[in-house]
Amino acid sequence: MYRLIGGARNRGFRVMWMLEELGLDYAVVDAAPGSEEITQLNPLGKLPALVDGDAVLTDSVAIMTYLADKHGQFTAAPGTVDRARQDAMTLWIIDEMDALLWAAAKHSFVLPENMRVKDLKSTLKAEFARNAEILEQRICGAFLMGDALTIPDFLAVHCLGWSRVAGFDALPEAVKAFAKRLRDRPAYRAAAAR
């Protein structure tokens, strides 16, 4: 059984959703960033971490890639052109969506007040809105990579949900429909219920 340190209110949700989609048993240790539960496994104190036997894995994207590769689902085969395209989409989402949301969070409540740049959030919102329009163009069939759910879908839907909570502007209709369709999946709902 996998043990996930993190939870539904952080990037651990991405991993929870994938574990649910895979139909695997897992336990969740709901921990806060920098808490003793996480710093014992990741000295940086960042969530999530996944314990698989004696192995401790960190970073949600690395964990998801490991699980997808290990269980042969939600990913293209390593060493293929499809995998390179999938990895490019994954990195684009991390660079152009996740990073903007994390910067907004840091300058809203994570950093000490004297280190926050007050006006930065409006710039981040505008950049996110531009990237949401690009995302709309990149939806390729039912999912981002075509007809199968892959790692980029998990990441994009998580970021789109995070953007709503962060108060970012409205999303293009096709992007909202894409996110809603994936949030309606039983595994997504099961992860959210945990």
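Residues numbered from 1 in each chain as written. Predicted model: local features only at pLDDT ≥ 70, side-chain atom pairs only at ≥ 80, totals over all residues. Heavy atoms only, no water.

1. Overview of the overall build of the protein
Part 1 of the argument: Along the backbone of the protein there are eight helices and four strands.
Part 2 of the argument: When the helices and strands of the protein are placed in sequence order, the string is β-α-β-α-β-β-α-α-α-α-α-α.
Part 3 of the argument: Rg of the C-alpha trace for the protein: 17 Å, near the compact-globule value of 16 Å for 194 residues, within the 12% margin.
Part 4 of the argument: Projected onto the principal axes, the alpha-carbon positions of the protein cover approximately 45 × 40 × 30 Å.
Part 5 of the argument: Taken as a whole, the protein presents about 9,800 Å² of accessible surface, with 53% of it coming from carbon and sulfur. (Helix = DSSP H or I, 4+ residues; strand = E, 2+ residues; numbered from the N terminus. Rg over C-alpha atoms; globule rule 2.2 N^0.38 Å. Areas by Shrake-Rupley, 256 points an atom, 1.4 Å probe, with all protein chains shown as cover.)

2. Overview of the pairing of strand β2 (residues 26-30)
Part 1 of the argument: Relative to β2, strand β1 (residues 2-6) runs parallel, the two sharing five bridges. Paired with Ile5 across the strands is Val29, a residue of β2.
Part 2 of the argument: Chirality of the crossover, the property in question, places the unit of β1, helix α1 (residues 12-22) and β2 among those that are right-handed. (Pairing = 2+ DSSP bridges. Right-handed = clockwise from strand over helix to strand, strands pointing away.)

3. Digging into the packing of aromatic side chains
Part 1 of the argument: Evaluation of the coordinates by the stated rule reveals five aromatic pairs.
Part 2 of the argument: Arranged with centres 5.0 Å apart and planes meeting at 85°, the rings of Trp17 and Tyr188 form a pair that is edge-to-face. With a gap of 171 residues between them, Trp17 in helix α1 and Tyr188 in helix α8 (residues 186-193) connect regions that are remote in the sequence. The same class applies to Trp17 as to Tyr188, namely buried.
Part 3 of the argument: Look at Phe128 and Phe168: their rings are 5.3 Å apart centre to centre, the planes differ by 90°, and that puts the pair in the edge-to-face class. Of the two residues, Phe128 is situated in helix α5 (residues 120-138) and Phe168 in the loop between α6 (151-165) and α7 (173-183); the sequence distance between them amounts to 40 residues.
Part 4 of the argument: Residue Phe168 is classed as buried on the basis of its relative accessible area, which comes to 9%.
Part 5 of the argument: Cluster of aromatic residues (ring-pair linked, three or more members): Phe13, Trp17, Phe74, Phe154 and Tyr188. (Phe/Tyr/Trp six-rings, centres within 6.5 Å; stacked < 30°, edge-to-face > 60°. Buried < 20%, exposed > 50% of the residue type's maximum accessible area, 1.4 Å probe, protein only.)

4. A short note on the environment of Phe109
Part 1 of the argument: As for its position among the elements, Phe109 is in helix α4 (residues 81-110).
Part 2 of the argument: Judged by its relative accessible area of 59%, Phe109 falls in the exposed class.
Part 3 of the argument: Separated by 83 residues in the primary sequence, Phe109 and Tyr26 place their C-alpha atoms 31 Å from one another.

5. Describing the side chain of Asp153
Part 1 of the argument: Mapped onto the elements, Asp153 comes out in helix α6.
Part 2 of the argument: Look at Asp153: it is buried, it has no salt bridge, and the nearest opposite charge is Arg181 at 7.0 Å. (Lys, Arg positive; Asp, Glu negative; His and termini not counted. Salt bridge = Lys/Arg side-chain N within 4 Å of Asp/Glu carboxyl O.)

6. With respect to the side chain of Asn42
Part 1 of the argument: In this fold, Asn42 is placed in the loop between α2 (36-39) and β3 (49-52).
Part 2 of the argument: Among the polar contacts made by the side chain of Asn42, one reaches the main-chain carbonyl oxygen of Lys46 at a distance of 3.2 Å. (Polar contact = N/O pair within 3.5 Å; in protein donor to acceptor, adjacent residues only side chain to side chain.)

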